[in-house]
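A closer look at the structure
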Amino acid sequence: MAHAPTSHRRGAHASHRSDPSDGPIQTTTWLGLTFALALGLLLSSREHVGVHAAGITLLVMLIPLTLAVFVSGARRGLGSGRAAVATGFAFALVVLKFVL
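Residues numbered from 1 in each chain as written. Predicted model: local features only at pLDDT ≥ 70, side-chain atom pairs only at ≥ 80, totals over all residues. Heavy atoms only, no water.

Let us now look at helix 2 (residues 49-76). Between its first and last C-alpha atoms helix 2 spans 40 Å; for 28 residues at 1.5 Å apiece the expected length is 40 Å, and the two agree. The sharpest bend along helix 2 reaches about 30° and sits at L62, with the proline P64 one to four residues further on. Three or more residues of helix 2 are buried, namely G55, L59, L62, T66, V69 and G73. The secondary structure elements touched by the buried residues of helix 2 are helix 1 (27-44) and helix 3 (81-99). Following helix 2 by one or two positions, G77 adopts a phi angle in the positive range, close to 110°. (Helix = DSSP H or I, 4+ residues; strand = E, 2+ residues; numbered from the N terminus. Expected span 1.5 Å × (residues − 1). Bend = angle between axes of the 7 residues up to and from the residue. Buried < 20%, exposed > 50% of the residue type's maximum accessible area, 1.4 Å probe, protein only. Contact = heavy atoms within 4.5 Å.)

Okay, here's the thing in structure tokens:
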């Protein structure tokens, strides 16, 4: 029995892994991280136990993500320096919140 024609088969997929040649970190990545860190700080400052816990959970999850983006930015380029500084400032506030 003959095989079916191959015209319906899908071609090879590109890898989803990050390639160092992708370019610098996008500004929207920095701004999204800054917004998420600020939201976590706002939520964790609330009195309600559930809202406070949600803020702490968000901040704990964002710490390794933010560090990974900074490491990736060191390798690939920061992109927008101002946005990276804003994210660094928000990250410093988060670290101070947990240390103090």
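When you line up the elements, T66 lands in helix 2. Looking at T66, the relative accessible area reads 0%, which means it is buried. Separated by 2.7 Å, the side chain of T66 and the backbone oxygen of L62 make a polar contact. Apart from the residues lying within four places of it in its own chain, the contact partners of T66 are L33, L37, T87 and F91. (Polar contact = N/O pair within 3.5 Å; in protein donor to acceptor, adjacent residues only side chain to side chain.)

Attention now goes to the packing of helix 2 against helix 3. The contact between helix 2 and helix 3 brings their axes to 11 Å, and the two run at 135°. In terms of their interaxial angle, helix 2 and helix 3 are classed as oblique. For helix 2 against helix 3, the interelement crossing comes out left-handed. Contacts between helix 2 and helix 3 involve I56, L59, V60, I63, T66, L67 and F70 on the former and, on the latter, A84, T87, G88, F91, V94, K97 and F98. (Axes fitted to C-alpha atoms, helices over the stretch in contact; angles between N-to-C directions. Parallel < 35°, antiparallel > 145°, perpendicular 65-115°, else oblique. Left-handed = near helix turned anticlockwise from the far one by under 90°.)

So, on to the packing of aromatic side chains. Using the criterion set out here, one finds 1 aromatic pair in the structure. The interplanar angle of 50° and the centroid separation of 4.9 Å between the aromatic rings of W30 and F70 together place this pair among those described as tilted. Linking W30 in helix 1 with F70 in helix 2, this pair joins segments that are 40 residues apart in sequence. Given a relative accessible area of 25%, F70 falls into the partly exposed group. (Phe/Tyr/Trp six-rings, centres within 6.5 Å; stacked < 30°, edge-to-face > 60°.)

The next thing to look at is the environment of L67. With respect to the helices and strands, L67 occurs in helix 2. With 21 residues separating them in the primary sequence, L67 and G88 have C-alpha atoms 9.7 Å apart.

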